[in-house]
Amino acid sequence: MASENVVGKNTGESAVTTIVNLAAEEAKLAREGVKAPGHAILTICKSLVAGGVAGGVSRTAVAPLERLKILLQVQNPHSIQYNGTIQGLKYIWKSEGYRGLFKGNGTNCARIIPNSAVKFFSYEQASSGILWLYRRHSGKEDAQLTPVLRLGAGACAGIIAMSATYPMDMVRGRITVQTEKSPYQYRGMFHALRTVYCEEGFRALYKGWLPSVIGVIPYVGLNFAVYESLKDWLIKTNPYGLVEDSELSIVTRLGCGAVAGTVGQTVAYPLDVIRRRMQMVGWKDAASVVTGHGRSKAPLEYNGMVDAFRKTVRNEGFGALYKGLVPNSVKVVPSIAIAFVTYEVVKDVLGVEMRISD
C-alpha cells in the first residue's frame, strides 16, 4: 500500500510538473511572438464557430423568403400559385400555416451552418495564402489584397464550402418544394439523403453541382470582394464621418453587406435557377410537386446544364431565369449583411483576431 502511495504521489507530481512546463513553454512562445499549436487550434475552432453562428442566424431570419424563392423557381408556368412576394407568403401561410413558412429551414440550417463555417474559414486561409504569394511575387512586403485577389479568395472559399455540403443542399431543395398535396413526403434531411441514395444512386446527390460551381465563383467571390473592398474604402476615405476610431458601426457594416449581397446574387441568379431545376430531375414524384395542377405533366428531363438553360428559355422565356428574383433580393440583402456582421461580432466576442495575418 505504501508503495502504491509513493507511485501515486510521484505520478501526481509528474503530471503537475508537465503542466507547469507546458504553460511555461507556451508563455515563452507567446513572448517570442510564436503561436503555440494549441492556440492555433483554438483560433481555428473559434473561427469555425463564428462562421457557423453567422450562417444559422442569417438564414433563419429570412427562411420564409428562401422557401418562396425556390417555389417560384420551379413552379409550373401553366399553374401559377405563387405570384409575387406578398401574395406568395400569404398563400403559404393560408395553405400550410406558420410552419409552412419555415419548411426546410431545419435542413437548410443543418447545411448552412457547416457551409458558412467552412466558407468564412476558407476565405481567411485563402486570403492569407494569396497575400503571401502576392507579396513574394511582387517583392512588396507591405502589399495588400486587391479587389481581384479578394474575388479569387472568395471564389476558392465558395467552391470548397459548397462542394463539402452540396448533398444537403440538394435534398433541402426537394424538401422545400413539398406541399401537403405532394404524393410523397421526405420526412427530413437524413431520410431524404438515404432515399435519394437508394433510389437514384450516389451521383444523384450532386445533381446541379456544375452550375453551382460556376455560380458560386461570382456569387461568393463578389460577396467577399465587394464587402471587404467597400469597408477598406470607407475606412480610408471616411465619407460623411462614418468611421469612428478606425472602425465602422454595425449599421454601416450591414450596409456594406447589403451592397455585396445585391451585386453577387444579381450576377449569379440564373445559375441558381438552373441548379434548382436540375436537382428535381430523377425524383419520381417531381412532376406532381413542381408542375402542380397544370396542363403539362411531362417529366422533368435535362441532359445537362446547357440543355436546362436551353429548355427553360425556349419553353418559358428568358425571364424564367430570374423567377423568384424579387423575394431572393429581399432575402439576400439582409441575409448577407447579417451573416457578415454576425461573423465579425462573434469573432470579437470570442477574441479572435480579425485581420488577415501577414
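Residues numbered from 1 in each chain as written. Predicted model: local features only at pLDDT ≥ 70, side-chain atom pairs only at ≥ 80, totals over all residues. Heavy atoms only, no water.

- As annotated in an unreviewed UniProt entry, the chain carries the name Mitochondrial substrate carrier family protein and is attributed to Musa troglodytarum.
- Word for word, the UniProt comment on the chain under Subcellular location (unreviewed entry) is "Mitochondrion inner membrane".
- In its Sequence similarities (unreviewed entry) section, UniProt records this for the chain: "Belongs to the mitochondrial carrier (TC 2.A.29) family." (UniProt positions renumbered as here; feature names shortened; annotations may be inferred.)

## Concerning the overall build of the chain
Then, number 1: The secondary structure content of the chain amounts to 12 helices and two strands.
Then, number 2: Moving toward the C terminus, one meets the helices and strands of the chain in the order α-α-α-α-α-α-α-α-β-β-α-α-α-α.
Then, number 3: Counting over 358 residues, the chain shows a buried share of 47%. (Helix = DSSP H or I, 4+ residues; strand = E, 2+ residues; numbered from the N terminus. Buried < 20%, exposed > 50% of the residue type's maximum accessible area, 1.4 Å probe, protein only.)

## Notes on the packing of helix 6 (residues 147-177) against helix 8 (residues 209-237)
A pair of packed helices is captured by two measures, namely the crossing angle of their axes and the spacing between those axes.
Then, number 1: Interhelical geometry of helix 6 versus helix 8 gives an angle of 135° and a closest axis separation of 7 Å. Viewed along their axes, helix 6 and helix 8 adopt a mutual orientation that is oblique. Crossing hand, helix 6 versus helix 8: right-handed.
Then, number 2: Partitioned by chemical class, the residues of the contact of helix 6 with helix 8 number 14 nonpolar, six polar and three charged. (Axes fitted to C-alpha atoms, helices over the stretch in contact; angles between N-to-C directions. Parallel < 35°, antiparallel > 145°, perpendicular 65-115°, else oblique. Left-handed = near helix turned anticlockwise from the far one by under 90°. Nonpolar A, V, L, I, M, F, W, Y, C, P; charged D, E, K, R; others polar.)

## Examining the packing of aromatic side chains
Note on aromatic pairs: each is described by the distance of the centres and the angle between the planes.
Then, number 1: Overall, the coordinates contain 13 aromatic pairs when judged by the stated rule.
Then, number 2: Ring plane angle 50° and centroid distance 5.8 Å describe the contact between Phe 202 and Tyr 206, whose orientation is recorded as tilted.
Then, number 3: What makes Tyr 206 partly exposed here is its relative accessible area of 30%.
Then, number 4: An aromatic cluster is defined as three or more aromatic residues linked by ring pairs; in this entry it consists of Phe 120, Tyr 123, Phe 224, Tyr 227, Phe 340 and Tyr 343. (Phe/Tyr/Trp six-rings, centres within 6.5 Å; stacked < 30°, edge-to-face > 60°.)

## Some words on helix 9 (residues 250-280)
An α-helical turn contains 3.6 residues, so any two residues separated by three or four positions project in the same direction.
Then, number 1: Its 31 residues place the ends of helix 9 only 39 Å apart at the C-alpha level, less than the 45 Å of an ideal helix rising 1.5 Å per residue.
Then, number 2: By the largest-angle criterion, Ala 268 marks the main kink of helix 9, which is about 55°, and a proline, Pro 270, follows within four residues.
Then, number 3: Of all 31 residues in helix 9, 22 are buried, a share of seventy percent or more. (Expected span 1.5 Å × (residues − 1). Bend = angle between axes of the 7 residues up to and from the residue.)

## With respect to the confidence of the model for the chain
Then, number 1: Summary statistics for the chain give a mean pLDDT of 79 and a share of 79% for residues scoring 70 or more.
Then, number 2: For the stretch residues 32-36, pLDDT sits under 50, and the model shows four contacts to residues farther than four places along the chain or on other chains.
Then, number 3: Residue range residues 289-295 is modelled with pLDDT below 50. Its contacts to residues more than four positions away, or to other chains, number 24 contacts. (pLDDT = per-residue confidence, 0-100. Contact = heavy atoms within 4.5 Å.)

## Focus on the side chain of Arg 59
Then, number 1: By the element assignment, Arg 59 lies in helix 2 (residues 37-61).
Then, number 2: Within the buried core, Arg 59 has no salt-bridge partner, and the shortest N-O distance to an opposite charge, that of Glu 66, equals 4.1 Å.
Then, number 3: The residues touching Arg 59, leaving out its near neighbours within four places in the chain, are Glu 66, Asn 105, Asn 108, Arg 111, Ile 112, Arg 172 and Ser 335. (Lys, Arg positive; Asp, Glu negative; His and termini not counted. Salt bridge = Lys/Arg side-chain N within 4 Å of Asp/Glu carboxyl O.)

## Remarks on the pattern of salt bridges
Then, number 1: Here the structure, examined in full by the defined rule, presents 18 salt bridges.
Then, number 2: Among the salt bridges present, the one from Arg 275 reaches Asp 169, with a minimum N-O distance of 2.6 Å. Of this pair, Arg 275 sits in helix 9 while Asp 169 is found in helix 6, placing the two residues 106 residues apart along the sequence. Take Arg 275 and Asp 169: they sit in the same class, and that class is buried.
Then, number 3: Measuring nitrogen to oxygen at the nearest pair gives 2.6 Å for the salt bridge that ties Glu 316 to Arg 277. You can see Glu 316 sitting in helix 11 (residues 305-316) and its partner Arg 277 sitting in helix 9, a full 39 residues away along the chain.
Then, number 4: Judged by its relative accessible area of 6%, Arg 277 is buried.

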